[in-house]
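# An overview of the molecular structure
Each chain is listed here by its residues.
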Amino acid sequence: MNFSRIFHNLNYVVSALLFLMGLYAVTVKPNIIKKLIGLNIMETSVFLLIVSVGMVDNGVAPIVTEGYRNALEAGRVVNPIPQALILTGIVVAVSTTAVALSLCLRVHEKYGTLNAPEILGRDVL
Amino acid sequence: MRRLLVVAALACLGIMLLYTIGRMPPMNSGSTPDKTHVVPRYLEHGEEEGGAPNIITSVILNYRGYDTMGEVTVIFSALCAVVALLDREKRGRSRSAADISKVKSSVIVRTVVRIAVPVIILFAVYTILHGETSPGGGFQGGAIVGASIILFTLAFGLPESTDRMPLGARIPMESSAMLAFLAMGFLGLAFGVEFLTYALPGIHGQATETIRMLMLMVVEIGIGVAGGIIFISIVFAMIREDRYELQPDIP
C-alpha cells in the first residue's frame, strides 16, 4: 500500500470515511429518518469524491475571462465535467430525499412511529 | 453483537477503499486520466461551441442538454410523487405546525426575515441571469429562491406564504423548465437543425451568437423558476398539518 499517495489524496480518504459513516447509519440506526440522513451523507461523500477528481493545484474556474488562456496553456483549469455531473447529482439527491421524506410522513401517519423494527413488527438489524 | 458485526464489515470495506485510494492517480496533478479525453476540447472550444463563457453551463445546457432535460423531468416527477403521496395544500386555509403552535416566532426573527428575503431573491435573480458568464445558473438560483420562500414560511406560517404564492400561480411555473427546454428544442427542429442545437439556420454573422445566448437564457430562466417553485411546492405539501385534526393544545 502506498501511504504517501494516501496522504496526498486526502479528499478521497475523507470521502471514504463519510461513505462508511453514512453506511453505518443506514445499517445500524433503527429510526428511518436517521437512515435517510445516513443515505444523504453517503451521497455527499460521492459528490466530494467526484468533484475532487477534477481538481488542479492553483486551479482556476472553467469560465472564460481574462487570464483564462494562460491558465489553459499552463494546464491549470479545473475539469468542468465532474462539476456539471455533480450539479445534476445534487438536484437528483434533493428530489429523492423529498420523496423519501414524504413516504416517512405517510409511514408516521399510519404506524405512529418511525422505528423500523416496530413498523415491521420484528427485530431487524 | 450485531453492531460489532456491522463495524467489522465496514472496517473491511474501509480497508478495501483505502487500498484503492492508495492506487489512484495523485490528486490535483492536471494530468490525471479524467482530464485527457474530451475535457481539452471542452476547455478549448467550449465557449464558441457551447455558447457560454462558463464552460460548465455549456456542458450542462449544450453538450449534455438531453441529460439536463432528463434531470428537469426528475425533479418534476419528484413533485408529482410528493403531491400524490401527501396532497396539495388547500386553497387559503392550510396550516403548518408553526400556525397551530401557541408560541409565535419572535419579533426579531420576523423582522430579520422580512428584511432578508427580498435581498436573497434579488441575489437569486442575479445567479440565474449570470449563469452563462459567472458561477451560477438555473438550478443554483432556483435553490436560492426556494430557500428564501421556505425561510419566510417558517417564520410567518403557511397561510401568509400561500397568499403570496397562490396555488394557481405555482402550477404553470412548475412545468416551465420542461416547457422551456421543449420550446427551444422544437424551435431548432422547426428550422431544420437538430434538437437542442440552440441555433436558427439562415441567420449568419453576429446575430447567431445573440440568438444562442437568448435561447440559453430562456432555458436557464425556465430551470430557475421551475426549480424554485417545485421545491417550494414540495415543502408546502410536506408541512401542512390540516390532514390531522387540529389540536389546539399542542405546546
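Look a little higher up for the structure.
The model shown is predicted, which means the values in this text are computed figures rather than measured ones.

Moving on: the packing of aromatic side chains. Residue and element names in this part refer to chain B. Tallied over the entire structure, the rule returns five aromatic pairs over all chains. With a centroid separation of 6.4 Å and 25° between ring planes, the pair formed by Phe 123 and Tyr 126 is classed as stacked. With a gap of three residues between them, Phe 123 and Tyr 126 both fall in helix H6 (residues 107-129), about one helical turn apart. What makes Phe 123 partly exposed here is its relative accessible area of 46%.

Where charged atoms from two side chains of opposite charge approach closely, those side chains can pair. Under the defined criterion, the tally for this structure stands at four salt bridges over all chains. Across the salt bridge formed by Glu44(B) and Arg69(A), the nearest N and O atoms sit 3.0 Å from each other. Here the residue Glu44(B) occupies a position in helix H2 (residues 39-50), and Arg69(A) occupies one in helix H4 (residues 68-73), the pair thus bridging two chains. When its relative accessible area of 36% is taken as the criterion, Glu44(B) is described as partly exposed. Owing to a relative accessible area of 36%, Arg69(A) belongs among the partly exposed residues under this scheme. Note that Arg41(B) and Glu49(B) form a salt bridge whose closest N and O atoms lie 2.5 Å from each other. Residue Arg41(B) is classed as partly exposed on the basis of its relative accessible area of 46%. Given the relative accessible area of 28%, Glu49(B) is considered partly exposed.

Next up on the list: the interface of chain A and chain B. Contact with chain A, which involves 53 residues of that partner, is made by 55 residues of chain B. Summing both sides of the interface, chain A and chain B together bury roughly 4,900 Å²; the carbon and sulfur share of this comes to 71%. Among the residues chain A hides against chain B, the three largest losses belong to Ile63(A), Ile81(A) and Leu87(A). Together they make up 11% of the total. For the pair chain A and chain B, the interface holds one salt bridge. Taken together, the connections running from chain A to chain B amount to eight residue pairs in polar contact (both at pLDDT 80 or more). Element by element, the count of residues in the side of chain A that touches chain B is highest for helix H5 (residues 80-111) of chain A, at 18 residues.

With that out of the way, let us pick up the nonpolar core. Residue and element names in this part refer to chain B. Core analysis: the biggest nonpolar cluster contains 44 residues, and Leu 61, Phe 181, Tyr 198 and Ile 223 have the highest contact counts within it. If one sorts the elements of this core by residue count, helix H11 (residues 206-239) sits on top with ten residues. Among all residues touching Leu 61, those that are not within four sequence positions of it are Thr 68, Phe 181, Tyr 198, Leu 216, Val 219, Glu 220 and Ile 223. With nine residues, the next largest nonpolar core counts Ala 124, Leu 158, Ile 229 and Ile 232 among its residues.

Residues and elements named next belong to chain A. Where helix H2 (residues 10-28) meets helix H3 (residues 32-53), the axes come as close as 7 Å, and the angle between the chain directions of the two elements is 165°. On the basis of the axis angle, H2 is roughly antiparallel to H3. You can see that H2 and H3 cross each other, and the crossing is left-handed. Note on element contacts: H3 touches H2 through Lys 34, Lys 35, Gly 38, Leu 39, Ile 41, Met 42, Ser 45, Leu 48, Leu 49, Ser 52 and Val 53, opposite Asn 11, Tyr 12, Val 14, Ser 15, Leu 18, Phe 19, Gly 22, Leu 23, Ala 25, Val 26 and Thr 27. Among the residues making up the contact of H2 with H3, the classes are represented as 13 nonpolar, seven polar and two charged.

The rules we used
Residues numbered from 1 in each chain as written. Chains lettered and ligands numbered in written order. Predicted model: local features only at pLDDT ≥ 70, side-chain atom pairs only at ≥ 80, totals over all residues. Heavy atoms only, no water. Phe/Tyr/Trp six-rings, centres within 6.5 Å; stacked < 30°, edge-to-face > 60°. Helix = DSSP H or I, 4+ residues; strand = E, 2+ residues; numbered from the N terminus. Buried < 20%, exposed > 50% of the residue type's maximum accessible area, 1.4 Å probe, protein only. Salt bridge = Lys/Arg side-chain N within 4 Å of Asp/Glu carboxyl O. Contact = heavy atoms within 4.5 Å. Buried area = accessible area lost by both parts, 1.4 Å probe. Polar contact = N/O pair within 3.5 Å; in protein donor to acceptor, adjacent residues only side chain to side chain. Core = buried A, V, L, I, M, F, W, Y, C linked by side-chain atoms within 4.5 Å. Axes fitted to C-alpha atoms, helices over the stretch in contact; angles between N-to-C directions. Parallel < 35°, antiparallel > 145°, perpendicular 65-115°, else oblique. Left-handed = near helix turned anticlockwise from the far one by under 90°. Nonpolar A, V, L, I, M, F, W, Y, C, P; charged D, E, K, R; others polar.

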